[in-house]
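What follows is the residue order along each chain.
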Amino acid sequence: LIQHKNEPAYVAKEIAEHARRELATQIVVGLPLNSRGEEGEQANSTRIMVEALVKAAPTCTIYLWDERFSTAIAREKLEEAGYKKSDMKGVVDVMAAVGILQ
């Protein structure tokens, strides 16, 4: 997990270094759209970070993926698997990311 508010170039550099170490050729970035499919402030911040990522990882293809319902779907699947809401903390985001990559 890389967190560094207001410094998209730093985050992009860290992601690019990780991608190089793993010999990745593609990077998928979740684009947080609102329920109507429109971009808001968070999506704008994501696009700024992606611009920095394109510069930091020029050999990687970068995909933006609509992540609107990924968390809700992950919660549903975890509930079906018997998880309680209190047990989902920390797991739901991982499951949502897995769902995006599938």
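To be clear, the structure that these remarks concern was listed above.
Residues numbered from 1 in each chain as written. Predicted model: local features only at pLDDT ≥ 70, side-chain atom pairs only at ≥ 80, totals over all residues. Heavy atoms only, no water.

### Considerations on the pairing of strand 2 (residues 61–66)
At step 1: Of the pairings in the sheet, the one linking strand 1 (residues 26–31) to strand 2 comprises six bridges and is parallel in character. Each bridged residue has a counterpart across the sheet, and for Leu-31 the counterpart in strand 2 is Asp-66.
At step 2: Traced from strand 1 through helix 2 (residues 41–56) to strand 2, the parallel crossover comes out right-handed. (Pairing = 2+ DSSP bridges. Helix = DSSP H or I, 4+ residues; strand = E, 2+ residues; numbered from the N terminus. Right-handed = clockwise from strand over helix to strand, strands pointing away.)

### Brief notes about the pattern of salt bridges
At step 1: For the structure shown, the criterion picks out four salt bridges.
At step 2: For Lys-13, the salt bridge identified is with Glu-17, shortest N-O distance 3.6 Å. Of the two residues, Lys-13 and Glu-17 both sit in helix 1 (residues 8–21), four residues apart, roughly one turn of that helix.
At step 3: Judged by its relative accessible area of 43%, Lys-13 falls in the partly exposed class.
At step 4: We note a salt bridge from Glu-39 to Arg-47, for which the minimum N-O separation is 2.7 Å.
At step 5: Glu-39 gets classed as partly exposed once you look at its relative accessible area, which sits at 41%. (Salt bridge = Lys/Arg side-chain N within 4 Å of Asp/Glu carboxyl O. Buried < 20%, exposed > 50% of the residue type's maximum accessible area, 1.4 Å probe, protein only.)

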